[in-house]
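Reading the structure
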Amino acid sequence: MHKSAGRIRNVALVGHRGSGKTSLHEALLFTAGAVNRLGQVTEGTTFSDADPDEKARQMSISAALASFEWQDRKVNLIDTPGEPSFVADALGSLRVCESAIFVVNAVMGVEVSTTRLWQRAAELDLARLLFVNMLDRERADFARTLDALKAAFGPHVVATEIPIGREHEVSGVIDLVDMKAYAYDGDGRDNCREIPIPAELADEAQAYRERLMDEVSENSDALMERYLEGDEISHQEIVDALKEGTNHGALFPVTCGVATRNLATNRLLDAIVEDLPSPVKHGGLEVAGMTLEPDEEADLYAYVFKTRADPFAGRINLFRVYQGVIEHDSHVLNTRAHAKERIGQLLTFNGRETVHADAFGPGDVGAVAKLKETRAGDWLAARDEPISMPAIPLPAPVMAFSIEPKTKGDEEKVFTALRRLQEEDPTIDLHRDEQTGEQIVAGLSQIHVEVVIARLRERFGAEVTLKPPRVPYRETIRAGAKAHGRHKKQSGGRGQFGDCRIEVEPLAPGEGFEFVNQIRGGAIPGGFIPAVERGVVEAMEHGAVAGYPVKDVRVRLVDGAYHSVDSSEMAFKVAGSLAMREALEQARPVLLEPVMQVTVTVPEDSVGDVIGDLNSRRGRPLGMEPAGGMTEVRAEVPMAEMLSYAPDLRAITGGQGEFSMEFLRYEELPPHLAGRVVEQAREEAAAVHG
Ligand SMILES: Nc1nc2c(ncn2[C@@H]2O[C@H](COP(=O)(O)OP(=O)(O)OP(=O)(O)O)[C@@H](O)[C@H]2O)c(=O)[nH]1
Ligand SMILES: [Mg+2]
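Remember, it's a predicted structure, so these values are computed and weren't measured experimentally.

Strand order across the open sheet formed by 4 strands is S7-S8-S9-S10, with antiparallel pairing between neighbours. Of all the strands in the sheet, just strand S7 (161-164) and strand S10 (192-195) have a single pairing partner and so form its edges. Averaged over all pairs of adjacent strands, the angle between their axes in this sheet comes to 30°, without regard to strand direction. Here 4 bridges tie strand S8 (residues 172-175) to strand S9 (residues 180-184), and the two strands are oriented antiparallel to one another. Within S9, the residue paired with Ile174 across the bridge is Ala181. Across the sheet, helix H9 (residues 265-275) lies against S7, S8, S9 and S10, angled at about 135° from S9, the strand it touches most.

Spelled out as structure tokens, the structure:
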């Protein structure tokens, strides 16, 4: 039978790229007996980085679920990618869990992604526990990391463990709840033994314990009173208060260890079952005016949070049951597609193998294969109710490449495969470039698009060539202008007549488009006005400078004329387009380019070179900060200058540097560069139109 909801823990491992989530996931599976050996990321032997591209890059790309038992609880543990390009999976996983474990690098401290994911977890009201990892590395510092966490996430971040020894001499942890010490020998499953608290750490441990007790007792008046009176307080009482505080973010326990050495991971498993809430404890989900409760008898509601496209196994959907039970061999309704789906194959990933399951009860997380219509974001339900989760705000895919099949005639195959990969990753954008007719694949970064291309090849046998990325330029206007558009044709029979006068003016950046109808006295009948607007919008698709889309313009329709017989919607649409084209030319049109926020992490001694290089890319340095022996340089740089940054950074830093970037805003292109873009657009247009 399925596990009752009170005995389930749904936990997402999240954190900055490379903080050790996958290594920790592996160590937890190993300690719980779900895998036979402790796999290593560096050897490509972990359970969760299973894809060839994850192994090759030594980074997680997709969320990976594993389910196992610990202390008679079922733990559904999701490893998520830290690389910002694959953030959709981390955000999707946070949505279906009660708890998140933030894995933090004890050398680097709080990093960019940590802060972002924390905000998201706070919005979702998740219980949050922190694991300070990599204590064995040079310059790792638990106390400094804890201070940084407090500074970033507030005073209720509190240690429940501290390490024994530092850097490569770290040998164990002291548990501040029970005031016991544990030493770890080797990385085996039974590597932990209790030892006396080392004398030189006794005072420090006591001080940390007092801070913990202060925090814990704030969550229970009864406990506070007895604590202040100096009464003995039991393990269970402390754990209960800790869990109470953690459940809705009144308190954030901090644990620590070394994932790759399997140090203190058994204690993290205990913390997962003891300190983190079950679906019952955390409470129901409010959605679409209903409250879904983890009740077995109630109607089924399950939410699909992740789709995996596999050319052989077909589609695999990961879901979370919020209410009712999903059973093998039953029928459910997909509430978006309004389609009946047969549940043919329920699956559990238990580490060693993928096994068939009979049912998943409320609160549980599982997988289903071979559904026809269903994909991430859908609900499976007993009845066809209108229900949807609020959309997750995802970053915009601005890194656009045009692709071409290596084999002529493979267009259809490539496109179908791309569509399936897009189901798996909502931050991929596919479209056809209107100017050149090319197939465009856009993602959040170069790595993102490269991964898509690698997956096309590995999973679907579709080979494509990637052309250099195109910068998505825009246009806008800098002045007001008036224009007149008249479309008149008289060639026997019924003619065509439309006439309008418009005025345009710039809007603030990001305001988009506004159309104001100021026609008085019926110079243009109301029925034709939407047609004028459609013509105006069409003209804005190709700006006057280089044919890029025009943004941030207000258009007023001020006057016009019509003919009682010859006027039509078509004629007014054409008149609107003519007027707008003329207006755009007169309104001092300019080219805009996307500017990226770039974060580069490099060794101290290459900071000067990196900043010099960013300057030569028209970058504006925003500042730098030490980050665990490295330096983090932040700058705003035009996207056009960053298209091939990865190899250049490697060369400057001898392979030691890392960077990430994301879209910030559009800015006007300097005139000498605008000229080049115009020239290029002209050449492309000539090539396409002959
Ligand atoms: N010394 C040491 N190395 C570690 C530890 N944990 C992880 N590593 C190493 O750090 C690197 C990154 O570890 P991963 O487990 O892949 O980190 P991740 O958070 O899953 O990375 P992404 O999935 O890319 O976000 C790998 O080379 C690991 O072997 C640790 O506790 N100590
Ligand atoms: Mg990983």
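Right, let's talk about helix H11 (residues 411-424) for a bit. The terminal C-alpha atoms of H11, which comprises 14 residues, lie 20 Å apart, in line with the 20 Å expected from a rise of 1.5 Å per residue. Within the span of H11, buried status applies to Val414, Ala417, Leu418, Leu421, Glu423 and Glu424.

Taken together, the protein ligands of the magnesium ion (ligand 2) are Thr22 (OG1) and Ser60 (OG), with distances of 2.0 Å. Of the two residues, Thr22 is situated in helix H1 (residues 21-31) and Ser60 in the loop between helix H2 (52-57) and strand S2 (64-70); the sequence distance between them amounts to 38 residues. The exposure class of Thr22 is buried, given its relative accessible area of 7%. Given a relative accessible area of 9%, Ser60 falls into the buried group.

Now for the pattern of salt bridges. Following the criterion strictly, the structure yields 48 salt bridges and no others. Salt-bridge contacts for Lys3 lead to Glu69; the nearest nitrogen and oxygen are separated by 3.3 Å. Here Lys3 is found in the segment before strand S1 (8-14), whereas its partner Glu69 is found in strand S2, with 66 residues between them in sequence. For Glu69, a relative accessible area of 43% puts it in the partly exposed group. When salt bridges with common partners are traced through the structure, they connect Asp51, Asp53, Arg308, Glu424, Arg455 and Arg459 into a single cluster.

Before going further, it helps to examine the UniProt feature "domain: Tr-type G" (unreviewed entry) in the protein chain. Under the present numbering, the feature "domain: Tr-type G" (unreviewed entry) in UniProt falls on residues 6-280. Between the end C-alpha atoms of residues 6-280 the distance is 5 Å, and the span holds 37% helix and 22% strand.

Before going further, it helps to examine the domain arrangement of the protein chain. According to the domain assignment, the protein chain consists of domain 1 (5-283), domain 2 (286-381), domain 3 (399-459), domain 4 (475-587) and domain 5 (592-672). Computed over C-alpha atoms only, the centres of domain 1 and domain 3 are separated by 38 Å. Across the boundary between the two partners, domain 1 contributes 14 residues, which contact 13 residues of domain 3. When the buried area of domain 1 at its contact with domain 3 is split by residue, Asp53, Arg57 and Ser85 rank highest and sum to 45% of it. For the interface between domain 1 and domain 3, the tally reads 4 salt bridges. One salt bridge connects Asp51 with Arg455, and the closest N-O pair in it is separated by 2.9 Å. Taken together, the connections running from domain 1 to domain 3 amount to 5 residue pairs in polar contact (both at pLDDT 80 or more). Elements that contribute at least two residues to the side of domain 1 that touches domain 3 include exactly H2 and helix H3 (87-96). The greatest single-element share of the side of domain 1 that touches domain 3, amounting to 4 residues, is contributed by H2. Within the side of domain 1 that touches domain 3, the residues separate by chemical class into 6 nonpolar, 2 polar and 6 charged.

In this section: the nonpolar core. Grouped burial of nonpolar side chains is what soluble globular proteins tend to show. Ranked by internal contacts, the top residues of the largest apolar core, which has 77 residues, are Leu130, Phe142 and Trp379. No fewer than three residues from each of domain 1 (5-283) and domain 2 (286-381) sit in this core. Judged by nonpolar contacts, the second largest core, of 46 residues, contains Ala417, Val452, Tyr473 and Val677.

Around ligand 1, the structure places 19 residues, and the nearest of them are Arg17, Lys21, Thr22, Ser23 and Ser60. Contacts to ligand 1 include Asp136, whose side-chain N or O atom sits 2.8 Å from a nitrogen atom. The separation between an oxygen atom of ligand 1 and a polar side-chain atom of Arg137 is 3.3 Å. With the chains in place, 90% of the 650 Å² that ligand 1 exposes on its own is no longer accessible.

Conventions we followed
- Residues numbered from 1 in each chain as written.
- Chains lettered and ligands numbered in written order.
- Predicted model: local features only at pLDDT ≥ 70, side-chain atom pairs only at ≥ 80, totals over all residues.
- Heavy atoms only, no water.
- Pairing = 2+ DSSP bridges.
- Helix = DSSP H or I, 4+ residues; strand = E, 2+ residues; numbered from the N terminus.
- Axes fitted to C-alpha atoms, helices over the stretch in contact; angles between N-to-C directions.
- Contact = heavy atoms within 4.5 Å.
- Expected span 1.5 Å × (residues − 1).
- Buried < 20%, exposed > 50% of the residue type's maximum accessible area, 1.4 Å probe, protein only.
- Donors = N, O, S within 2.8 Å, 3.2 Å for Na, K, Ca; no water.
- Salt bridge = Lys/Arg side-chain N within 4 Å of Asp/Glu carboxyl O.
- UniProt positions renumbered as here; feature names shortened; annotations may be inferred.
- Domains from an automatic or database assignment.
- Buried area = accessible area lost by both parts, 1.4 Å probe.
- Polar contact = N/O pair within 3.5 Å; in protein donor to acceptor, adjacent residues only side chain to side chain.
- Nonpolar A, V, L, I, M, F, W, Y, C, P; charged D, E, K, R; others polar.
- Core = buried A, V, L, I, M, F, W, Y, C linked by side-chain atoms within 4.5 Å.
- Near = heavy atom within 4 Å.
- Areas by Shrake-Rupley, 256 points an atom, 1.4 Å probe, with all protein chains shown as cover.

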